[in-house]
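Structural overview
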Amino acid sequence: MAAIAPSRLATLTRLRCSIFQTSYNPTSIRTGAKYLRARLRGPSMVEYYPPEVSIAQFNRMSGGDWRIVDPQEDMRLADVEAKKRRGKGAPKKAKSKGAYIVQLLGYGICTSGC
Amino acid sequence: MPNVRVLRDIKARNGVNANEILRRAYLYVARNQNLPPQVRYQAQLQLNTFGKYTRPTTVKNRCAESGRGRGIMSEFGLCRYQFRLKALAGEIPGVKKASW
């Protein structure tokens, strides 16, 4: 059996591509088409978690006209208040970086590793 | 109330959804070997300017009930323990405990 010339095979491939509407790409060069062909995944990603309206969100939406009592949130705020009264609240925000070091020095903590 | 990891995941999901088409367009240009290298390079630089929460790989399926990140049964979107609790309570249609 005689060997078929490569040019003939290429012609055959090109013809096949034109018949089946595929792109003729003999050197298998990357065209990036797969990024356009793939389906968009965003819409289904967004729907993963069931929609949920929290009490805080609802109160914010109502515009302060009337609010639902949230026992958990009220308890949290009460705890924060109680901690503040015992002097265990969040520390004050430092005005500058130096202020923090001064504060540390006030406690007798050296920052330079001595 | 979802925990902070779930909130972060929701943020990532919304970011991916909002930027997906633009990112795909840049990806197409950057990966296309028919285009001149300079154009591809510019597209890649543009891709790098997108934020962390616009990449689909930052999205992780978490338990819809407890926010747990491991042991998720993807058909139900629940972690194995929440799945068990709900299945035993009869809240998942078509699921019942096997016994033989």
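Coordinates for the structure precede this section.
The notes below deal with the structure included here. None of the values given here were measured: they were computed from a predicted structure.

Parameters at a glance
Numbers given to residues run from 1 along each chain, matching the order in which its sequence is written. Naming scheme: in the order in which they are written, chains are lettered from A and ligands are numbered from 1. Side-chain atom pairs in this predicted model are given and counted only at pLDDT of 80 or more, local residue features only at pLDDT of at least 70, and totals for whole chains, interfaces and linings cover all residues. By convention in this description, side-chain values take in all heavy atoms of the structure and omit both hydrogens and water. The term nonpolar core refers to a set of buried residues drawn from Ala, Val, Leu, Ile, Met, Phe, Trp, Tyr and Cys, joined through side-chain atoms within 4.5 Å. Note on exposure labels: buried denotes an accessible area under 20% of the residue type's maximum, exposed denotes more than 50%, and partly exposed covers the range between, all computed with a 1.4 Å probe on protein chains only. Elements are defined by DSSP. Helices are runs of H or I of four residues or more, strands are runs of E of two residues or more, and each kind is numbered from the N terminus. Here, residues are in contact when the closest pair of their heavy atoms is within 4.5 Å. Basic side-chain nitrogens of Lys or Arg form a salt bridge, by our definition, when they fall within 4 Å of a carboxyl oxygen of Asp or Glu. In this description, a line fitted to the C-alpha atoms serves as the axis of each element, helices being fitted only across the stretch in contact, and the angle between N-to-C directions of two axes falls anywhere from 0 to 180 degrees. Should the near helix be turned anticlockwise from the far one by less than a right angle, the crossing is termed left-handed; should it be turned clockwise, right-handed. All residues other than Ala, Val, Leu, Ile, Met, Phe, Trp, Tyr, Cys, Pro, Asp, Glu, Lys and Arg, Gly among them, are scored as polar; the first ten of these are nonpolar and the last four charged.

Quick look at the nonpolar core
One finds Cys63(B), Leu78(B), Cys79(B), Phe83(B), Ala87(B) and Ile92(B) forming the largest nonpolar core, which totals 6 residues. Where this core is concerned, the elements lending two or more residues are β2 (78-79) and α3 (80-88) of chain B. Not counting residues up to four positions away in its chain, the partners in contact with Cys63(B) are Tyr49(A), Arg68(B), Ile72(B), Gly77(B), Leu78(B), Cys79(B) and Gln82(B). Judged by nonpolar contacts, the second largest core, of 5 residues, contains Leu27(B), Ala30(B), Ala43(B) and Phe50(B).

A word on unusual backbone geometry
Residues and elements named next belong to chain A. With a phi close to 55 degrees, Gln21 is a non-glycine residue in the positive phi region. By the secondary structure assignment, Gln21 is in the loop between α1 (6-20) and α2 (33-37). Residue Gln21 is classed as exposed on the basis of its relative accessible area, which comes to 72%.

As for the pattern of salt bridges
Residues and elements named next belong to chain B. Applying the stated rule across the entire model yields 5 salt bridges over all chains. Note that Lys86 and Glu65 form a salt bridge whose closest N and O atoms lie 3.3 Å from each other. Highlighted residues: Lys86 in helix α3 and Glu65 in the loop between α2 (37-49) and β1 (72-73), separated in sequence by 21 residues. Within this structure, Glu65, Lys86 and Glu91 form a network of salt bridges that share partners.

Thoughts on the packing of helix α1 (residues 4-31) of chain B against α2(B)
All names here are of chain B. Running from N to C, α1 and α2 cross one another at 145 degrees; their axes reach a closest spacing of 7 Å. Where α1 crosses over α2, the handedness of that crossing is left-handed. On α2, the residues touching Arg23, Tyr26, Leu27, Val29, Ala30 and Arg31 of α1 are Val39, Arg40, Ala43, Gln44, Gln46 and Leu47. Residues belonging to the contact of α1 with α2 are distributed by class as follows: 7 nonpolar, 2 polar and 3 charged.

Limitation: the analysis is restricted to geometry and does not speak to function.
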